[in-house]
Each structure stands twice: as C-alpha cells, then as structure tokens.
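# Breakdown of the fold
Chain by chain, the residues run as shown.
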Amino acid sequence: MTELFKLFYDCGQVSTDTRKIEYNDLFIALKGENFDGNEYAEKAIEKGAKYAIVDDQSKADNKQIFHVENSLVFLQKLAEHHRKSLDIPVIGITGTNGKTTTKELTAAVLSQKYNVLFTEGNLNNHIGVPLTLLKLTPEHEIAIIEMGASKIGDIKELTDIAHPTHGIITNIGHAHIEGFGSPKNIVKTKTELYKAIEEDEGRLFINVEDEVLIKHKPSSCPTSTYGLRENADISGEILALDPMLSFEWKTSENRKIKVQTQIIGKYNFLNMLAAICIGSHFKVENESIKSALENYKPSNNRSQVEKTINNTLILDAYNANPTSVKSALENFAEITSENKLFVIGDMLELGENTLKYHQEVIDLCKTLNLQGMFVGEIFSQLKDKNEILAFKNTEKAKEFFETASPKDNLILLKGSRGIGLEKLVKTL
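Residues numbered from 1 in each chain as written. Predicted model: local features only at pLDDT ≥ 70, side-chain atom pairs only at ≥ 80, totals over all residues. Heavy atoms only, no water.

In the annotation of an unreviewed UniProt entry, the entry for the chain reads UDP-N-acetylmuramoyl-tripeptide--D-alanyl-D-alanine ligase, and the organism field reads Brumimicrobium salinarum. The record in UniProt for the chain states the following under Pathway (unreviewed entry): "Cell wall biogenesis; peptidoglycan biosynthesis." (UniProt positions renumbered as here; feature names shortened; annotations may be inferred.)

Below, the structure written as structure tokens:
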C-alpha cells in the first residue's frame, strides 16, 4: 500500500467524485449504501484523472488503475502518511455544539498571521477529515481539523489519522444519542481527543466554566484556559445582545478590548473566547484578533440574522439537539424586542428518550414565557398533552404563515437539519 502512496505526490489532488474530477487528479473509489465508486474508475481516467485506486480487482489494469484491499482504508492511511510528512501544528476541534463556528472563528483569527488550512463546511467525518488533510501543502503553517462523532470510537478514528498537536472540546451535550447509546458514551468518545493530545504531549484549550471538561482534562497536558472567571488565561464578559453579540475580553496585559460581532447568541460568546485563547497562544496580535472577530459573518443557516420585508429572522436551522435548543431559547428570551416568536423543529437521532427531551423544550418555552410554534412529527405527538401550536412538517407551517402573515417580529428558527426550517424564510 505504501508504494501506492507515491502516486498521490505525482498528482494534483485527491477526488472521490467523478463529477468533480480535474486534470491530473488521483481518484479513490469509495463505496456507499447507494453507490460503488469502483464502477466509475475508468470514467475518472477518461475525464482526466492520472490514476485511480479501486478495491474491486476486476476494475484494475495496473497501469493507471490500481487495486488495494480497501479504498477507504487506503484514503485514511494516505492522509495519515501525508500529515506526518509535514511538521506543523494541527488543531483538533470537537464538541456537541459550537465546533463548526469555533473552527471558523479560529481560522479567521489565525489567518491574520499564518497560512491556515481548515475543514470546509462540516466535512468532519472518516472521509472528510482525510480529504482535508490531503489538501495540506508545504506552504501551510497551521491546520484546523473539525472532528464530528455519532458513535463510540469516532473521535479516536479521526485522531489516529490527523495526529493533532493541539485540541479543544467546545462542550459535551446530548446529541446523536441514538448512535452513542448513552450520555456516558458521548463523554467517553469526545474525550478521546484529550487522550490523543496527551499521548502526543500536545496542548489543550479548555473552558474553565465547564466542569465536565475540567474533570476529564489529563493532568499531564499543558493547557490554555478561557471563560468568565478572572483566573482564566482569557476572560471576558458580555456587554449586549441586541440581537448581535457585543463583548469585551481581558488580555494578558490586563487591557480590555471591546468586540462588536456580527453574530447572535450568548452561546457564541464562549466560541469567541475560545478563538481568542487559541489566537493568543499562537501570538496573533490583539488588534488582529479583534478585527477577525468583528468581520466574521456566519453562514449556512448557523446563527444568521436575516431581514425579510416583514420580519427579522434568527436562522439557526442547520442542526439541533437538547443542549443547543435550550441555549438558543434562553438567549432568545434575553434579547430585548417588542414582538418575538419562536419556530422550533424536531430534534432528531435522540434515541429512546426522544419524547422526554422534546417535552423539556416545551416546558422551557413556557417557563421563559415565549410565544411560538413547533414543527415536526415528534412535537406533534405532544400537541394534545400540552395545548401547543404544532405542525407535522414545514409545508403545514408554511400554510399557516401564509395566512397569519406576522409582521415586525423577531423570529427564531431552530431545528434539526432534516426538518428544513429554512424553507419558511420566504414565507416570513
């Protein structure tokens, strides 16, 4: 297998999709539930790929198309080999909530001083991480690798490929419980990043407010800390939520620097402090950090503020779990606005306690005295019991809004990606 690694260095880049093949690519044929990349190896060569890797021996010609036992394993081992060839800091980021935003904020900060490669979008799994690492060039000075997990062992698999030298877990909450089996297994899996950093004698960035993270921190690892407490290396306080987050942080020289962001959410405050903490460790100037954070604009339905003709929307419909939904609602309750409505969608992949978690969200909305509606099959099951406004899907909710036509409201849209709350934007 290692002999075939040389093919990569004779090619432009790695591709696993013949629709995106470029001249001189190395095509690696992966299999999925509904596709078999081996069937497209010849097509990849025809479209300009220099070589192809397959795990179906009948497709190999040993000239341009080469056989390996498992194409996915080849991709992962190639990525590990390539990563080890470059002696640069690799920052691993995981967590139940906020890892993508923290990754983007950190990339914005570090890019003020360094040539940074970072995970695009949420390509944070066993395929996305290797593909990201294979984009590393000798010109890159730092890599930021987002690591997602939906079952036990996922983070260890990714750290074995990426070998991070630095690491941060944003938090550990309840998500993908269906895959993990229990909250205990979520903790076990996420903290696999800590174990990897400890083994490589690297550095951790830790939120001092998070008791779970502090409890599982390896004692032998050097750490940089952030949070509200004065004893943190980077501390700060929120100044306003109107709805954009405004805060200040205290530098190591005891200077206070104010930041007016273009992002909503009290929950994003700690993501900001995390990026400052990492940037400070890597000696990025304070004014450059401030500039990066103030110019950052969220995208892809993550904490976006969008103005329509009739309303102002907080569009946070990329993903949802009990922890993130509760944080979003608590933040929404703190925003000063005369008219506010929430639209909360089902939270998916929560396993046997699904109804319990959804009931807790309903109860929280009542406690916070918030007005709004729920969308999805799960919330609809709880409709009669709670006397709430609930619709089985976004189409039904859209029909309601077309008739109700709310105006001059601040509207929060938060739900799992599968519910598709972003489809309501044009109606609102």
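Further notes follow.
Let's shift gears to the overall build of the chain. A count of helical and extended segments in the chain gives 17 helices and 19 strands. Along the three orthogonal principal directions, the C-alpha set of the chain runs to about 70 × 55 × 40 Å. Taken over 428 residues, the chain has a buried fraction of 54%. For the chain, the share of sequence-separated contacts (at least 6 apart) that also reach a separation of at least 24 residues comes to 63%. A total of about 19,700 Å² of accessible surface is found on the chain, and carbon and sulfur atoms cover 45% of it. Each charge class in the chain was averaged separately, 50 positive and 60 negative side chains, and the resulting centres sit 2 Å apart. (Helix = DSSP H or I, 4+ residues; strand = E, 2+ residues; numbered from the N terminus. Buried < 20%, exposed > 50% of the residue type's maximum accessible area, 1.4 Å probe, protein only. Contact = heavy atoms within 4.5 Å. Areas by Shrake-Rupley, 256 points an atom, 1.4 Å probe, with all protein chains shown as cover. Lys, Arg positive; Asp, Glu negative; His and termini not counted. Charge placed at Lys NZ, Arg CZ, Asp CG, Glu CD.)

Here we take up the sheet that holds strand β5 (residues 90-94). Spatially, β6-β7-β5-β8-β9-β10-β11-β12-β13 is the arrangement adopted by the nine strands of the open sheet, whose pairing is mixed. Bordering the open sheet on either side are β6 (116-118) and β13 (256-264), each of which pairs with just one other strand. With strand direction ignored, the average angle separating the axes of adjacent strands in the sheet is 20 degrees. Two strands pair when backbone bridges link them, and β6 and strand β7 (residues 142-146) are joined in this way by three bridges, in the parallel orientation. Pairing of Phe118 across the sheet is with Ile144, part of β7. Sheet strands touched by helix α9 (residues 192-199): β5, β8 (166-169) and β9 (203-207). Its angle to β8, the strand with the most contacts, is close to 160 degrees. (Pairing = 2+ DSSP bridges. Axes fitted to C-alpha atoms, helices over the stretch in contact; angles between N-to-C directions.)

A cluster of like negative charges, contributed by Glu198, Glu199, Asp200 and Glu201, occupies part of the molecular surface. Looking at where Glu199 falls in the secondary structure, it is placed in helix α9. (Patch = residues over 30% accessible without salt bridge, like charges linked within 9 Å, V, L, I, M, F, W, Y side chains within 5 Å. Salt bridge = Lys/Arg side-chain N within 4 Å of Asp/Glu carboxyl O.)

Those places that UniProt annotates as "domain: Mur ligase C-terminal" (unreviewed entry) correspond, in this numbering, to residues 302-417. Secondary structure across residues 302-417 comprises 41% helix and 22% strand; the distance between its end C-alpha atoms is 11 Å.

This part covers the side chain of Ser380. You can see Ser380 is positioned in helix α15 (residues 377-381). Here Lys392 takes part through its backbone nitrogen, which lies 3.5 Å from a polar atom of the side chain of Ser380. (Polar contact = N/O pair within 3.5 Å; in protein donor to acceptor, adjacent residues only side chain to side chain.)

Before going further, it helps to examine the packing of aromatic side chains. In this structure the tally under the stated criterion is nine aromatic pairs. The residue whose ring lies beneath Lys340 is Phe332, and the NZ or CZ to ring-centre distance is 5.3 Å. (Phe/Tyr/Trp six-rings, centres within 6.5 Å; stacked < 30°, edge-to-face > 60°. Lys NZ or Arg CZ within 6 Å of the ring centre and 35° of its normal.)

Turning next to the environment of Leu364. In this fold, Leu364 is placed in helix α14 (residues 354-367). Separated by 38 residues in sequence, Leu364 and Lys326 place their C-alpha atoms 7.5 Å apart. Apart from residues lying up to four places away in sequence, Leu364 is in contact with Lys326, Leu329 and Glu330.

In this section: helix α11 (residues 267-281). Its 15 residues give α11 an end-to-end C-alpha distance of 22 Å, which sits within 8% of 21 Å, the value for a rise of 1.5 Å per residue. Along α11, eleven of the 15 residues are buried, which leaves the element largely enclosed by surrounding structure. Directly after α11, the chain includes Lys283, whose backbone phi takes a positive value near 65 degrees. (Expected span 1.5 Å × (residues − 1).)

Below, the discussion takes up the sheet that holds strand β17 (residues 372-375). The strand order β14-β15-β19-β16-β17-β18 describes an open sheet built from six strands, whose pairing is mixed. With one partner strand each, in any of the chains shown, β14 (304-307) and β18 (390-391) form the two edges of the open sheet. Of the strands in this sheet, β16 (340-345), β17 and β18 are in contact with helix α17 (residues 394-404), which crosses β17 at around 150 degrees.

Among the five residues that make up β9, four are buried, leaving the element largely enclosed by the rest of the structure. In this sheet, β9 lies alongside β8 in parallel orientation, the contact comprising three bridges. Each residue of the ladder has a partner; that of His166, found in β9, is Arg203. Here four bridges tie β9 to strand β10 (residues 223-227), and the two strands are oriented parallel to one another.

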